Amino acid sequence: MYLTKYSPSKELQEFRNGFKHFDSFLDNFIENRGSLLKTDFNPSVNTREGEHAYHVEVDLPGVKKEDIDVDVKDNIVTISGERKTKKEVKEEDYYKVESSYGKFERSFTLPENVDVENIHAESQDGVLEVVIPKLAKAENKSKKIEIK
């Protein structure tokens, strides 16, 4: 039988080393998760109100208009789609391929005074513009009511 001397400081050190390994694991997890988040696609959106319409401009570089959907349902306009880009470089001494993919979806609740039937969208130079016309206001003309 071997005699082993009890050392509480040694056990405490082993306990601390376990936390160092756990911290290292968490750091690696966060770094990998961050790199995955970089591939997500979240386009920038600008909205503005004009005299006759509301305008929604979405920055969609590298997205073909065939890959974009604009839908209106229950007074909500939804802009969705997918970006698929692939850059390929072939040289004499190397070959490089870079791909990025990402789906996106943005929704906006429409005000009550919009003409849903005449909403239109146009994509040009990587910018999608959705124009949401306002309904013509009924003029508040005064009218004399005859008393009978």
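Residues numbered from 1 in each chain as written. Predicted model: local features only at pLDDT ≥ 70, side-chain atom pairs only at ≥ 80, totals over all residues. Heavy atoms only, no water.

The helix and strand inventory of the protein stands at 1 helix and 7 strands. Counting from the amino terminus, the protein carries its helices and strands in the arrangement α-β-β-β-β-β-β-β. When each of the 148 residues of the protein is scored for burial, the buried share is 20%. Taking the intrachain contacts of the protein between residues at least 6 apart in sequence as the baseline, contacts between residues at least 24 apart amount to 46%. Summing over all exposed atoms, the protein offers an accessible surface of approximately 13,000 Å²; the carbon and sulfur share of this is 49%. (Helix = DSSP H or I, 4+ residues; strand = E, 2+ residues; numbered from the N terminus. Buried < 20%, exposed > 50% of the residue type's maximum accessible area, 1.4 Å probe, protein only. Contact = heavy atoms within 4.5 Å. Areas by Shrake-Rupley, 256 points an atom, 1.4 Å probe, with all protein chains shown as cover.)

Another point: the sheet that holds strand β4 (residues 76-90). Ordered in space as β3-β4-β5, the 3 strands form an open sheet in which the pairing is antiparallel. Strand pairing shows two members of the sheet lacking a second neighbour, β3 (68-73) and β5 (95-109), which therefore form its edges. Across the sheet, the axes of successive neighbouring strands diverge by a mean angle of 5 degrees, strand direction being ignored. When β4 meets β5, the two strands line up antiparallel, connected through 15 bridges. Paired with V89 across the two strands is K96, which belongs to β5. (Pairing = 2+ DSSP bridges. Axes fitted to C-alpha atoms, helices over the stretch in contact; angles between N-to-C directions.)

Under the criterion given, the structure shown has 5 salt bridges. Across the pair K90 and E88 runs a salt bridge whose closest N-O atoms are separated by 4.0 Å. Its salt-bridge partner being E98, residue K96 comes within 3.3 Å of it at the nearest N-O pair. Here the residues in one salt-bridge network are R48, E57 and E129, joined through shared partners. (Salt bridge = Lys/Arg side-chain N within 4 Å of Asp/Glu carboxyl O.)

This part covers the packing of aromatic side chains. This model, assessed by the stated rule, comprises 0 aromatic pairs. One Lys or Arg, K134, reaches over the ring of Y54 and ends 5.0 Å from the middle of that ring. (Phe/Tyr/Trp six-rings, centres within 6.5 Å; stacked < 30°, edge-to-face > 60°. Lys NZ or Arg CZ within 6 Å of the ring centre and 35° of its normal.)

Along the chain, K134 turns up in the segment after β7 (127-133). At 2.5 Å, the side chain of K134 and the side chain of E49 are in polar contact. (Polar contact = N/O pair within 3.5 Å; in protein donor to acceptor, adjacent residues only side chain to side chain.)

Attention shifts here to the nonpolar core. Counting residues in hydrophobic clusters, the biggest one holds 17 residues, and the most contacted among them are V56, L60, I79, L128, V130 and I132. Among the secondary structure elements, those contributing two or more residues to this core are β2 (53-59), β4, β5 and β7. With near-sequence residues (within four places) excluded, V130 lies in contact with Y54, H55, V56, V70, I79, I119, H120 and A121. (Core = buried A, V, L, I, M, F, W, Y, C linked by side-chain atoms within 4.5 Å.)

What follows concerns a nonpolar patch on the surface. Residues L12, F15 and F19 make up a contiguous nonpolar surface patch of about 330 Å² in total accessible area. Looking at where F15 falls in the secondary structure, it is placed in helix α1 (residues 8-37). (Patch = residues over 30% accessible without salt bridge, like charges linked within 9 Å, V, L, I, M, F, W, Y side chains within 5 Å.)

A positive phi angle, near 55 degrees, is found at D74, a position not held by glycine. Along the chain, D74 falls in the loop between β3 and β4. In the Ramachandran plot, D125 falls in the positive-phi region, its phi being about 55 degrees despite a non-glycine side chain. Examined against the element boundaries, D125 turns out to sit in the loop between β6 (120-124) and β7. Residue class for D125 comes out exposed when judged on its relative accessible area of 75%.

Attention now moves to the sheet that holds β2. With antiparallel pairing, the 4 strands of this open sheet are ordered in space as β1-β2-β7-β6. Edge positions in the sheet fall to β1 (45-49) and β6, since each has one partner strand and no second. Averaged over all pairs of adjacent strands, the angle between strand axes in this sheet comes to 15 degrees, irrespective of strand direction. Inspection of the sheet shows β2 paired to β7 by 7 bridges, in the antiparallel sense. Paired with V56 across the bridge in β7 is V130.

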